[in-house]
Structures are given as structure tokens and as C-alpha cells.
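Here are the chains, one letter per residue:
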Amino acid sequence: MSILVTRPSPAGEQLVNKLRACGKSAWHLPLINFMPGNDLPFLVERLTTLSDGDLLFIVSQHAVNYAHLWLIQQGISWPARLQYYAVGHTTGLRLRSLSVLPVRYPKEGETSEDLLRLPALANIDGKRALILRGNGGREVLAHTLHQRGVQTIYCECYRRCPIHYNSEEQERRMRTLGIDTLVITSGEMLQQFYTSMPKYYRHSCLMQCRLIVVSERLAMLARLLGWSDIIVANAADNDALMRVLLQ
């Protein structure tokens, strides 16, 4: 097995190092990097619009990290008066450790749909919510909250920036390394990786690679693109990916 890990730094390097320590052949090709989001200067202002018991949602660890650093720089703590929710247990634990506040998150699953199934979010009519996220992304969380009577605003805490490679060089590299397993952890990266590869290589080799993803939604997208050998990890963190890759 020769594994290509596409998740961003530093998690990508960390996963590769863990795999190599277990005797696996693994390589890193990050597809995106991160920078501060355009809305960070407005984070404190948007927090102040929320009242006691209103809702704050965090969609990823990157949103947690950038928001927390900004609040520290402003000399402000996470407001204890809010109800905190996170998409995925890794993000939830990260927010809990930094804020030292209760954070609700789904025990299973890493998607907005999993979070929205929490009983605490069933009757929230009249609440206001702030969603901390990156640029773009899915709208299902805000859309569903709106349907449940919640006034929702966003704060773009970070930006995802694609990393562009020479497609022919990467194709040659993948052939030389004998890559037969891909780790891709978002739909954005999956689509980017697919379109970046030469068309003839997609059909001759790429679709034959085993694909490791982190949700059924991502697996569905992969099937539409042409993959058939797909494994869904039960979480998006490196430990969950390691369990799949060491089977």
C-alpha cells in the first residue's frame, strides 16, 4: 500500500508521520492552505449581538483556532452566556479545551446533518445564532436553522486557499510512488484533486485507487466522479483515519 494524504498542514504531515512510524509508505500532497478570514475584525461585534441563551456554532477546528487567537488578541474571553455547538467531536473538544465552556456536538458523525439531529436543537424558535466558518462552504446548517425560526449570521474566521500543482508532474510522481490509496477529507478537495489530474490518468489509474473519506456525503460525491473502492472513516480526525489505514 502506498498512501497519498491530501489533508492540509499540519494534520497532513502528522498523519504521514504516524503511518510511516507503523511501517506504511505514505506521502503528503496538501491541496489547500489557510489564512485569516475577512470577517475576523467583526467577530467581537457579532458576538455582542447575541443575548443570553443564543446559539454559537463552530464548523471546524480552523474556525476555533482563528477565532480564539483573535479573541485573545482583543483581550476577550468566549462569552459564557451562549450555547455552544460544534460540527464533529474533534472540533467540539478543541473548542471546549480553549473556552473551558460546555460544548454540544454529535457523538457520531462529522456533518451538519449529524449536529442538527441533536435534541437540544429541536425547539429553538426565536433564538439568534452566529456560525463561525471558513469562506464558502455548505449552507445546510444556516438553512435548517432558519426553517426552525432562528435568525442566523455568519463570521468568516478563515479562508481556504487552493494550492495549485503541475498536473503532469503530479501524475508522474504518483506513478513513481505507486500510489494506490488516497486520503481526501472534504468535497472541495476531492473535486479539486479530480479536476487537477490529466483526463487519461483519471480513467487509467486514478479511479482504481482506494479512496478514504470521512462522511457518506463525501462518498456519494466520489461515486458520482467514478470511484468504486471507497472506505468511510467514522470520524475526520487522524486517529480515525489511522484505524482505517491500518486494517
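Fair warning: this is a prediction, and the values are worked out from it, not measured in the lab.

Procedures and definitions
Residues numbered from 1 in each chain as written. Predicted model: local features only at pLDDT ≥ 70, side-chain atom pairs only at ≥ 80, totals over all residues. Heavy atoms only, no water. Helix = DSSP H or I, 4+ residues; strand = E, 2+ residues; numbered from the N terminus. Rg over C-alpha atoms; globule rule 2.2 N^0.38 Å. Buried < 20%, exposed > 50% of the residue type's maximum accessible area, 1.4 Å probe, protein only. Contact = heavy atoms within 4.5 Å. Pairing = 2+ DSSP bridges. Phe/Tyr/Trp six-rings, centres within 6.5 Å; stacked < 30°, edge-to-face > 60°. Lys NZ or Arg CZ within 6 Å of the ring centre and 35° of its normal. Core = buried A, V, L, I, M, F, W, Y, C linked by side-chain atoms within 4.5 Å. Right-handed = clockwise from strand over helix to strand, strands pointing away. Salt bridge = Lys/Arg side-chain N within 4 Å of Asp/Glu carboxyl O.

Caption draft 1: Local environment of the overall build of the protein chain. Regarding its fold elements, the protein chain presents 11 helices and 11 strands. For 247 residues, the compact-globule formula gives about 18 Å, and the C-alpha radius of gyration of the protein chain, at 19 Å, lands near that figure. Across the 247 residues in the protein chain, those meeting the buried criterion constitute 49%. Residue pairs at least 24 apart in sequence account for 66% of intrachain contacts in the protein chain once pairs closer than 6 positions are excluded.

Caption draft 2: Just helix 4 (residues 89-99), in detail. Those residues of helix 4 that sit buried are Thr90, Thr91, Gly92, Leu95 and Ser99. Where helix 4 is buried, its residues meet strand 4 (55-58), helix 3 (61-73), strand 5 (83-86) and strand 6 (103-104). Val100, located one to two residues past helix 4, shows a positive phi value of around 55°.

Caption draft 3: Here's a closer look at unusual backbone geometry. Note the cis peptide between Ser9 and Pro10, where omega equals 0°. One non-glycine residue with positive phi stands out, namely Val100, at about 55°. The exposed category is assigned to Val100, whose relative accessible area is 68%.

Caption draft 4: Focus on the side chain of Thr181. Mapped onto the elements, Thr181 comes out in strand 9 (residues 181-183). Overall, the relative accessible area of 3% leaves Thr181 in the buried class. Dropping the residues within four chain positions of it, Thr181 is found in contact with Met1, Ser2, Ile3, Leu4, Arg210, Ile212 and Leu245.

Caption draft 5: Summary view of the sheet that holds strand 8 (residues 151-162). Spatially, 6 strands are ordered 3-8-7-4-5-6 in an open sheet, and the strand pairing comes out mixed. Strands with a single pairing partner mark the edges of an open sheet, and in this sheet they are strand 3 (32-36) and strand 6.

Caption draft 6: Structural view of the packing of aromatic side chains. Tallied over the entire structure, the rule returns 5 aromatic pairs. Taken together, a centroid distance of 5.6 Å and an interplanar angle of 65° make the contact between Phe34 and Tyr158 edge-to-face. Linking Phe34 in strand 3 with Tyr158 in strand 8, this pair joins segments that are 124 residues apart in sequence. Like Phe34, the residue Tyr158 is buried in the burial classification. Through pairs of rings, three or more aromatic residues link up here, namely Phe34, Tyr66 and Tyr158. Geometry around Tyr194 places Arg202 over its ring, the cationic atom sitting 4.5 Å from the centre.

Caption draft 7: Just the nonpolar core, in detail. Judged by nonpolar contacts, the single largest core of 63 residues is most densely connected at Trp78, Leu132, Leu182, Phe193 and Trp227. Other than its neighbours up to four places away in sequence, Phe193 contacts Leu4, Leu29, Leu31, Met174, Leu182, Ile184 and Leu206. If you look at the next biggest cluster of nonpolar residues, it comprises 15 residues, including Leu55, Tyr85, Ala129 and Leu141.

Caption draft 8: Layout of the pairing of strand 4. The two faces of strand 4 match: Leu55 and Phe57 on one face and Leu56 and Ile58 on the other face are all buried. Bridging between strand 4 and strand 5 involves 4 bridges; their strand directions are parallel. Opposite Leu55, over in strand 5, you have Gln83 as the bridge partner. Considered for its hand, the β-α-β crossover made up of strand 4, helix 3 and strand 5 is right-handed. Where strand 4 lies against strand 7 (residues 128-134), 4 bridges are found, and the strand directions are parallel. Bridging across to strand 7, Ile58 finds its partner in Leu132.

Caption draft 9: The arrangement of the pattern of salt bridges in detail. If you walk through the whole model with that rule in mind, you get 10 salt bridges. Taking the shortest distance from any N to any O, the salt bridge between Asp114 and Arg117 comes out at 2.4 Å. A salt bridge links Arg160 to Glu188, with the shortest nitrogen-to-oxygen separation between them at 2.7 Å. With Arg160 in strand 8 and Glu188 in helix 8 (residues 187-196), this pair connects stretches of sequence that are 28 residues apart. Assessed through its relative accessible area of 16%, Arg160 is described here as buried.

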